[in-house]
Amino acid sequence: MNWEKLCELALAEIEATLAALPKPLREQAQQLPVTFERVPNAGLQADGIEPDTLGLFTGAEFADAGATVLPSQIILFLENLWEFAEGDETVFREEIRTTFLHELGHFFGLDENDLWERELD
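The present account deals with the structure reproduced in this document. (Residues numbered from 1 in each chain as written. Predicted model: local features only at pLDDT ≥ 70, side-chain atom pairs only at ≥ 80, totals over all residues. Heavy atoms only, no water.)

### Some points on the overall build of the chain
Phase 1 of the analysis: When its secondary structure is counted, the chain shows six helices and three strands.
Phase 2 of the analysis: Helices (α) and strands (β) of the chain occur, in sequence order from the N terminus, as α-α-β-α-β-β-α-α-α.
Phase 3 of the analysis: A globule of 121 residues ought to have a C-alpha radius of gyration of about 14 Å, and the chain, at 14 Å, matches this closely.
Phase 4 of the analysis: Once the C-alpha set of the chain is aligned to its principal axes, its extents read approximately 40 × 35 × 30 Å.
Phase 5 of the analysis: Across the 121 residues of the chain, 38% fall into the buried class. (Helix = DSSP H or I, 4+ residues; strand = E, 2+ residues; numbered from the N terminus. Rg over C-alpha atoms; globule rule 2.2 N^0.38 Å. Buried < 20%, exposed > 50% of the residue type's maximum accessible area, 1.4 Å probe, protein only.)

### Side note on the packing of aromatic side chains
Phase 1 of the analysis: For the structure shown, the criterion picks out three aromatic pairs.
Phase 2 of the analysis: In this structure an aromatic cluster arises from ring pairing among Phe57, Phe107 and Phe108. (Phe/Tyr/Trp six-rings, centres within 6.5 Å; stacked < 30°, edge-to-face > 60°.)

### So, the sheet that holds strand β3 (residues 73-77)
Phase 1 of the analysis: Pairing is mixed across the open sheet formed by three strands, whose spatial order is β1-β3-β2. Either end of the sheet is taken by a strand with one partner, and the two such strands are β1 (34-37) and β2 (55-58). The average undirected angle you get between the axes of adjacent strands in this sheet is 20°.
Phase 2 of the analysis: Note that β2 and β3 share four bridges and pair antiparallel. Bridge pairing in β3 places threonine 58 opposite glutamine 73.
Phase 3 of the analysis: Strands in contact with helix α1 (residues 3-20) are β1 and β3; relative to β1, the strand with the most contacts, it is inclined by about 155°. (Pairing = 2+ DSSP bridges. Axes fitted to C-alpha atoms, helices over the stretch in contact; angles between N-to-C directions. Contact = heavy atoms within 4.5 Å.)

### Structural notes on a negative patch on the surface
Phase 1 of the analysis: A contiguous patch of negative charge, built from Asp111, Glu112, Glu117, Glu119 and Asp121, is present on the exposed surface.
Phase 2 of the analysis: Mapped onto the elements of the fold, glutamate 117 is located in helix α6 (residues 112-117). (Patch = residues over 30% accessible without salt bridge, like charges linked within 9 Å, V, L, I, M, F, W, Y side chains within 5 Å. Areas by Shrake-Rupley, 256 points an atom, 1.4 Å probe, with all protein chains shown as cover. Salt bridge = Lys/Arg side-chain N within 4 Å of Asp/Glu carboxyl O. Lys, Arg positive; Asp, Glu negative; His and termini not counted. Charge placed at Lys NZ, Arg CZ, Asp CG, Glu CD.)

In structure tokens, the structure reads:
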């Protein structure tokens, strides 16, 4: 699938996911930038991010906002997500949603165990 189509599908799924959130969470989540990359770049990989990573939250958690110089953001690695979905558009959309909510959970202070309990691993 071409890059523009992957971005279009991912953006539509993120917008739908945000719309389904309770208003207080949605208002905070809408302030968090989401960017799309094909795969983790060399710099991220040098920092220990695996080449097949699906998504990444960077920056301060919501509770710590203002405590860091770099702004918080979510990065979704669309080519990795497409490969994980084995080229199935429905599975791709589901994985976009799950990965976005997983990374959003980190923004709201949840750790890996919390996310696993919520089936967002």
